[in-house]
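Observations on chain architecture
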Amino acid sequence: MSIKVAALTKVYGQQIAVDNISFEAGKGVLGFLGPNGAGKSTTMKMLTCFIPPTDGTATVCGFDIGTHPLDVKRNIGYLPESNPLYTDMYVKEALAFVAGIHGLHQPAKRIAEVIELTGLGPEQHKQINELSKGYRQRLGLAQAILHDPQVLILDEPTSGLDPNQLIGIRQLITELGKKKTVVLSTHIMQEVEAVCNNVVIINKGNIVANDTLGALKQQNNNQSLEEIFIKLTNQ
C-alpha cells in the first residue's frame, strides 16, 4: 500500500481534530469524504508533512511522515483547496519554476508532456492571472504531477468548475488513478461515484466508513452515496 495510516491523531488545544484514525490506500482513487470541519484537510496536511501529528504514525511509499518528511514530499503531489499560484507568472514559466524545485533532469520534455496530459496547450503562453478557474485548476494539477509522484492528494480539485470542465478533470483523475494512488477529497458525491474505487468517510475526527464503493452501497440497501453520507455524518 502506498499510504498506511495508523492511529493518527491531531489535537489543537482542547479540540481533537483527528481522533485515532487508521486506513490504507493503494493504486486507484480513494474518495476521502466528510462534512466541513470533520478533519479531512487536517489529515491531508499531516500526510503531506505540512503539520506534525500529535500521535500515531503514517507512511507514504514506505517513508514515515515524522522521520523522513523530505522523502515523503518527493513521492507526493499535492493540490490544496486554495490552489496557490503565482499569478504574475506565465503558465510555462510557473511549470519551469516547479521543475527547478524538483531538480528535473529534462524539464522542457516533462513540461511538454504535462501540458499535453492536463489539456493546458491552448493556454500555455498566457499569464496565470488571465486563466479561467478551470485552467487554473488544470495548472494546479500539472504542478502536482510534474515530478511524476506515486501519490497524489487532491483537496476539492473541481471546486467552482462548470460541467464541461468537470468532465475533463474527472477523466484526468481517472487516468492518473490507473497508475498512481490518488486521494480525492470532495463534497460532490456524483464525482466520487464517477471516479473512486474506495471510500473513507470521516466525521468529527473519526472514520465512520472505510470500504469499496460497491460494498458500502450493498451494506446500506443500495442507497445512493449521498444518502449514505448524510446518514453517517448526521449522528
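Residues numbered from 1 in each chain as written. Predicted model: local features only at pLDDT ≥ 70, side-chain atom pairs only at ≥ 80, totals over all residues. Heavy atoms only, no water.

Looking at an unreviewed UniProt entry, the protein carries the name ATP-binding cassette domain-containing protein, with the source organism given as Mucilaginibacter pallidiroseus.

1. Looking at helix 9 (residues 225-233)
Heads up, the rule is: Throughout, exposure labels follow a simple rule: accessible area from a 1.4 Å probe, protein chains only, divided by the maximum for the residue type, with under 20% read as buried, over 50% as exposed, and the rest as partly exposed. The way it works is that DSSP assigns letters per residue, a run of H or I at least four long becomes a helix, a run of E at least two long becomes a strand, and they are numbered from the N terminus. In this description, one arc is meant: the one made by directions from the helix axis to the C-beta atoms. Whether two residues are in contact is decided by their heavy atoms: any pair within 4.5 Å suffices.
Within helix 9, burial applies to L225, I228, F229, L232 and T233. Projected down its long axis, helix 9 shows its buried positions confined to an angular sector of 110°, all on one face. Looking at the buried side of helix 9, the elements it contacts are strand 3 (28-33), helix 7 (189-195), strand 9 (198-203), strand 10 (206-212) and helix 8 (213-219).

2. As for the side chain of T48
Inclusion rule: Pairing of N or O atoms within 3.5 Å defines a polar contact, subject to two protein rules: one partner must be a possible hydrogen donor and the other a possible acceptor, and residues neighboring in sequence count only if both atoms are side-chain atoms.
With respect to the helices and strands, T48 occurs in the loop between helix 1 (40-47) and strand 4 (55-60). Of the residues examined, T48 reaches a relative accessible area of 2% and is grouped as buried. At 3.3 Å, the side chain of T48 forms a polar contact with the backbone oxygen of K45. Non-local contacts of T48, meaning those with residues more than four positions away in its chain, are made with K73, I76, Y78 and I153.

3. Quick word on the UniProt feature "domain: ABC transporter" (unreviewed entry) in the protein
In plain terms, the rule: UniProt positions are given in the numbering used here, feature names are shortened, and annotations may be inferred rather than shown by experiment.
UniProt records the feature "domain: ABC transporter" (unreviewed entry) for residues 3-229 in the present numbering. As annotated, residues 3-229 has a helix share of 37% and a strand share of 27%, and its two end C-alpha atoms lie 23 Å apart.

4. Here we look at the packing of helix 3 (residues 91-102) against helix 4 (residues 107-118)
Under the convention used in this document: Axis definition: a line fitted to C-alpha atoms, limited for helices to the stretch in contact. Angles are taken between N-to-C directions and run from 0 to 180 degrees. Angle categories: roughly parallel below 35 degrees, roughly antiparallel above 145, roughly perpendicular from 65 to 115, and oblique for all the rest. The handedness criterion is simple: a crossing whose near helix is rotated anticlockwise from the far helix by less than a right angle is left-handed, and one whose near helix is rotated clockwise is right-handed. Residue polarity is assigned by list, with Asp, Glu, Lys and Arg as charged and Ala, Val, Leu, Ile, Met, Phe, Trp, Tyr, Cys and Pro as nonpolar; anything else, Gly included, falls into the polar class.
Between helix 3 and helix 4, the shortest axis-to-axis distance is 10 Å and the interhelical angle comes to 125°. If you check the angle between helix 3 and helix 4, you find them oblique. Along this stretch, helix 3 crosses helix 4, giving a crossing that reads as right-handed. On helix 4, the residues that touch K92, L95, A96 and A99 of helix 3 are P107, I111 and I115. Within the contact of helix 3 with helix 4, the residues separate by chemical class into 6 nonpolar, no polar and 1 charged.

5. Details of the packing of aromatic side chains
To keep it simple, the criterion reads: Aromatic rings from Phe, Tyr and Trp, with only the six-membered ring used for Trp, were paired whenever their centres fell within 6.5 Å, and each pair was classed as stacked if the ring planes differed by under 30 degrees, edge-to-face if by over 60, and tilted otherwise. Geometrically, a charge over a ring is one whose NZ (Lys) or CZ (Arg) sits within 6 Å of the ring centre while staying within 35 degrees of the ring normal.
Counted according to the given criterion, the structure contains 3 aromatic pairs. Residues F50 and Y78 carry aromatic rings whose centres are separated by 5.4 Å and whose planes lie at 55° to one another, so their mutual orientation is tilted. In this pair, F50 sits in the loop between helix 1 and strand 4 while Y78 sits in strand 6 (residues 76-79), placing the two residues 28 residues apart along the sequence. Relative accessible area serves as the criterion here: at 58%, F50 is assigned to the exposed category. Across the ring face of Y135, the terminal group of R138 is positioned such that the distance to the ring centre comes to 5.8 Å.

6. Re a nonpolar patch on the surface
Quick note on the threshold: Exposure above 30% relative accessible area and the lack of any salt bridge qualify a residue for a patch; like charges then connect within 9 Å, and the nonpolar side chains Val, Leu, Ile, Met, Phe, Trp and Tyr within 5 Å. Where accessible areas are quoted, they stem from the Shrake-Rupley method and a 1.4 Å probe; at the residue level, only the protein chains shown are allowed to cover. Just to be clear on terms, a salt bridge is a Lys or Arg side-chain nitrogen sitting within 4 Å of an Asp or Glu carboxyl oxygen.
Taken together, the side chains of Y86, F97 and I101 make up a nonpolar region of the molecular surface, amounting to roughly 340 Å² of accessible area. Take Y86: it is sitting in the loop between strand 6 and helix 3. A residue is classified by how much of its surface remains accessible, and Y86, at 52% relative accessible area, is exposed.

7. With respect to the pairing of strand 8 (residues 181-185)
Operational definition: Two strands are counted as paired when DSSP detects at least two bridges linking them. For a crossover, the right-handed case is the one in which the path from the first strand over the helix to the second runs clockwise, viewed with the strands pointing away from the viewer.
Across the 5 residues that make up strand 8, a large majority, 5, are buried. The alternating pattern of strand 8 places T181, V183 and S185 on one face and V182 and L184 on the opposite face, and all of these are buried. With 4 bridges connecting them, strand 3 and strand 8 associate as parallel partners. Residue pairing for strand 8: G28 is matched across the bridge by T181. Pairing analysis gives 5 bridges linking strand 7 (residues 151-155) to strand 8, with the strands arranged parallel. By the bridge assignment, I153 is partnered in strand 8 with V183. Once you follow strand 7 into helix 6 (residues 163-177) and on to strand 8, the crossover reads as right-handed.

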